[in-house]
Amino acid sequence: MSMFKTFSIFLAVSLCWVCSFASASAQKEAPQDEKLEKSLLWKVTGKGIKPSYVFGTIHMIAADDFFWNKSMEKAFKKTKKIVMEMDMSQQMAMAVQMMQLAPMKGGEVLKDLVSEADYETIETYFTEEAKSPQAKMTFGMAQSWQPMLLQSLLYMEMIDGPVKAYEMVLTAKAKEADMAFGGLETVADQMAVFNSIPYKTQAEGLLEMIQNLKKGDEGANEFAKMVVFYKDQDVDGMLESMQGELEEMGSQEDMLDNRNLKWIPQIIEISKKTPTFYAVGAGHLGGEKGVIRLLRKEGFKVIAVTK
């Protein structure tokens, strides 16, 4: 596989991951007496749809922490179409679109958003200290990119050892099974989410992440906590543990609520035609405005698959 293709696939996956990680931070706490069952996999039936499944992913995880049990495999094999946040059968086209939409509007560059000393901290980390070869090779050409895209290149820094991505694994499995593909959003949709957050705020987040990575605390620890909740299949717990991190950005509706609401009609229409396996960031499942409760409010039977 060429270096460009490797980078393109990585960028496609990490963009989805950023949005889902952020969404896990943005929702308000779900009432304790209504907490969802612990499950990443949910069966959706009723109201004229074909039996379908919603699965919560974590877009990047240590290979040793990756798991896919018999229930998940069985549910996957019962479906004929896989729908993710974006259509992962179009990875190269997605990468091209991302490159076109990555620059900040108004011609700003990273140096315009931070002090000279802070820019030097960011530059030194990317060019000398980062473990990720993708991060090192990208920084030079990414000065005009939205800072959250640069930040997305550093998430692998929080993971020790080999990394696995659920999107990549599921894409390969779906192609092997000759399943149809679909996406709930376009590249433009996800890039619009980034554009809703002030660039200076994004740059501050990038700097803070680097500072925490250099100290070996906070950011990495928060990611480790999220992995614990993920492996425990506690989607509401994920939200509760990371509450309020994005409130300072004022972007809850754009990053989470509005996206989930837009997905529900699509899930309904797609599922009327064919049994479908939906795989989206686990941060989208929990909470009062999460996919599980929204589907239940529409009158569908949504059952946790635990065996």
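Up top you'll find the structure we're talking about.
Residues numbered from 1 in each chain as written. Predicted model: local features only at pLDDT ≥ 70, side-chain atom pairs only at ≥ 80, totals over all residues. Heavy atoms only, no water.

Enquirer: I'd like a rundown of a positive patch on the surface, residues and numbers included.
Expert: A cluster of basic residues, K43, K74, K78 and K301, forms a positive patch at the surface. Mapped onto the elements, K301 comes out in strand β8 (residues 301–304). (Patch = residues over 30% accessible without salt bridge, like charges linked within 9 Å, V, L, I, M, F, W, Y side chains within 5 Å. Areas by Shrake-Rupley, 256 points an atom, 1.4 Å probe, with all protein chains shown as cover. Salt bridge = Lys/Arg side-chain N within 4 Å of Asp/Glu carboxyl O. Lys, Arg positive; Asp, Glu negative; His and termini not counted. Charge placed at Lys NZ, Arg CZ, Asp CG, Glu CD. Helix = DSSP H or I, 4+ residues; strand = E, 2+ residues; numbered from the N terminus.)

Enquirer: Hey, could you go over the pattern of salt bridges for me, with residue numbers and the actual values?
Expert: Close approach of charged atoms allows side chains with opposite charge to pair. Tallying each qualifying case throughout the model produces 13 salt bridges. For K214, the salt bridge identified is with E129, shortest N-O distance 2.9 Å. With K214 in helix α9 (residues 199–215) and E129 in helix α4 (residues 116–129), this pair connects stretches of sequence that are 85 residues apart. The partly exposed category is assigned to E129, whose relative accessible area is 35%. Where E185 meets R259, a salt bridge forms, and the shortest distance between an N and an O atom there is 2.8 Å. You can see E185 sitting in the loop between β6 (180–183) and α8 (187–195) and its partner R259 sitting in helix α12 (residues 252–273), a full 74 residues away along the chain. Relative accessible area serves as the criterion here: at 10%, E185 is assigned to the buried category. Salt bridges here are not isolated pairs; linked through shared partners, they connect E73, K77 and K173. (Buried < 20%, exposed > 50% of the residue type's maximum accessible area, 1.4 Å probe, protein only.)

Enquirer: Please provide a residue-by-residue account of the sheet that holds β6, values included.
Expert: Here six strands make up an open sheet; going across it, the order is β6-β4-β7-β2-β1-β8 and the pairing mixed. Lying at the two open borders of the sheet, with one neighbouring strand each, are β6 and β8. Taken over all neighbouring pairs, the strand axes of this sheet differ in orientation by 20° on average, direction set aside. Relative to β8, strand β1 (residues 41–45) runs antiparallel, the two sharing four bridges. (Pairing = 2+ DSSP bridges. Axes fitted to C-alpha atoms, helices over the stretch in contact; angles between N-to-C directions.)

Enquirer: Which residues make up the packing of α4 against α9, and what values do they have?
Expert: The geometry of α4 relative to α9 is characterised by a closest axis approach of 10 Å and an angle of 55° between their N-to-C directions. In terms of orientation, α4 and α9 fall into the oblique class. As for how α4 packs across α9, the hand of that crossing is left-handed. Contacts between α4 and α9 pair D118, T121, I122, Y125, F126 and E129 from the former with L206, L207, I210, L213 and K214 from the latter. Its residues placed into classes, the contact of α4 with α9 shows seven nonpolar, one polar and three charged. (Parallel < 35°, antiparallel > 145°, perpendicular 65-115°, else oblique. Left-handed = near helix turned anticlockwise from the far one by under 90°. Contact = heavy atoms within 4.5 Å. Nonpolar A, V, L, I, M, F, W, Y, C, P; charged D, E, K, R; others polar.)

Enquirer: Kindly report on the nonpolar core, identifying the contributing residues and their values.
Expert: Core analysis: the biggest nonpolar cluster contains 92 residues, and F55, I122, F126, L154, Y230, F277 and L295 have the highest contact counts within it. Contact partners of L154, with chain neighbours within four places excluded, come to Y125, F126, A135, L206, M209, I210 and L213. (Core = buried A, V, L, I, M, F, W, Y, C linked by side-chain atoms within 4.5 Å.)

Enquirer: Go over the packing of aromatic side chains with me, naming the residues and quoting the values.
Expert: Applying the stated criterion across every chain, the model contains 11 aromatic pairs. Three or more aromatic residues joined by ring pairs form one cluster here, namely F55, F66, F67, W68, F76, Y166, Y230 and F277. Taking NZ or CZ as reference, K164 lies 4.3 Å from the ring centre of F66, over its face. Cation over ring: K173 sits above F76, and NZ or CZ is 5.5 Å from the ring centre. (Phe/Tyr/Trp six-rings, centres within 6.5 Å; stacked < 30°, edge-to-face > 60°. Lys NZ or Arg CZ within 6 Å of the ring centre and 35° of its normal.)

Enquirer: Outline unusual backbone geometry, supporting the account with residue identities and numerical values.
Expert: One non-glycine residue with positive phi stands out, namely K47, at about 55°. By secondary structure assignment, the location of K47 is in the loop between β1 and β2 (52–57). What makes K47 exposed here is its relative accessible area of 52%. Here the phi dihedral of Q233 falls at roughly 60°; this positive angle occurs in a residue that is not glycine. Along the chain, Q233 turns up in the loop between α10 (219–231) and α11 (235–241).

Enquirer: Account for the pairing of β1, with residues named and values stated.
Expert: One ladder, built from four bridges, connects β1 with β2; its direction is antiparallel. The partner of V44 across the bridge, within β2, is S52. Connecting β1 to the next strand, β2, in antiparallel fashion are six residues, including G46 with a positive phi near 105°.

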